[in-house]
Amino acid sequence: LFRSILGIESGGRCKSARKNKVVLKILRTTDPVPDSIIRKIHEELRANGAVRGICIATSDFTPTAKAYVQSRPIDLYGKKEIAELLKKAETMSE
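Thresholds, definitions, all that
- Per-chain numbering applies: the sequence of each chain, read as written, is numbered from 1 onward.
- Totals for whole chains, interfaces and linings use every residue, but because this is a predicted model, local features are given only for residues with pLDDT of at least 70 and side-chain atom pairs only at 80 or more, for both listing and counting.
- Excluding hydrogens and water, the side-chain figures rest on all heavy atoms present in the structure.
- Working definition: helices are DSSP H or I runs of at least four residues, strands are E runs of at least two. Numbering for both runs from the N terminus.
- Burial classes: relative accessible area under 20% of the type maximum marks a residue as buried, over 50% as exposed, and values in between as partly exposed (1.4 Å probe, protein chains only).
- Whether two residues are in contact is decided by their heavy atoms: any pair within 4.5 Å suffices.
- A pairing counts as a salt bridge when a side-chain nitrogen of Lys or Arg comes within 4 Å of a carboxyl oxygen of Asp or Glu.
- Under the pairing criterion, centres of Phe, Tyr and Trp rings, with the six-membered ring standing for Trp, must be within 6.5 Å; the plane angle then separates stacked pairs below 30 degrees from edge-to-face pairs above 60, leaving the rest tilted.
- Criterion for a charge above a ring: Lys NZ or Arg CZ within 6 Å of the ring centre, and within 35 degrees of the ring normal.

Draft legend 1. Inspection of the overall build of the protein at higher detail. In terms of helices and strands, the protein carries 3 helices and 4 strands. Mapped in sequence order, the helices and strands of the protein form the string β-β-α-β-α-β-α. Looking at the protein as a whole, 27% of its 94 residues qualify as buried. Of the contacts made within the protein by residues no fewer than 6 positions apart, 49% connect residues no fewer than 24 positions apart.

Draft legend 2. Quick peek at the pattern of salt bridges. Tallied over the entire structure, the rule returns 4 salt bridges. Measuring nitrogen to oxygen at the nearest pair gives 3.1 Å for the salt bridge that ties Arg 52 to Asp 75. Of this pair, Arg 52 sits in strand β3 (residues 52-57) while Asp 75 sits in strand β4 (residues 74-77), placing them 23 residues apart in sequence. On the basis of relative accessibility, which here comes to 25%, the residue Arg 52 falls in the partly exposed class.

Draft legend 3. Expanded view of the packing of aromatic side chains. Per the counting criterion, the structure on display carries 0 aromatic pairs. Looking at Arg 72, its charged tip hangs above the ring of Tyr 68, at a distance of 3.8 Å from the centre.

Function cannot be read off these values alone, since they describe shape.
Rendered as structure tokens:
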């Protein structure tokens with residue numbers, strides 16, 4: 001199960017700041033996310049003129065998926081990164 005979102009990322013607070021398109025894909029799975037999914041995100045980036053992609057998954061990513069993003073503007077957030085972000089948010093709210 002996954003959702004794909006095309007959003008706009010603002011470069012700053014001022015109205016004239018550059019706005020960039022971002023593709024966000026959220027996957028709910030227990031299986032490692034393969035590079036084929038990441039390749040599709042890259043295709044979406046190019047098709048929509050987006051400059052950045054973000055993939056958030058409830059599992060981890062395969063080694064080939066991690067290798068694929070090394071030279072591409074796609075950030076991967078798996079279950080470990082999500083847990084770290086939640087812990088960080090929890091400590092900031094205290």
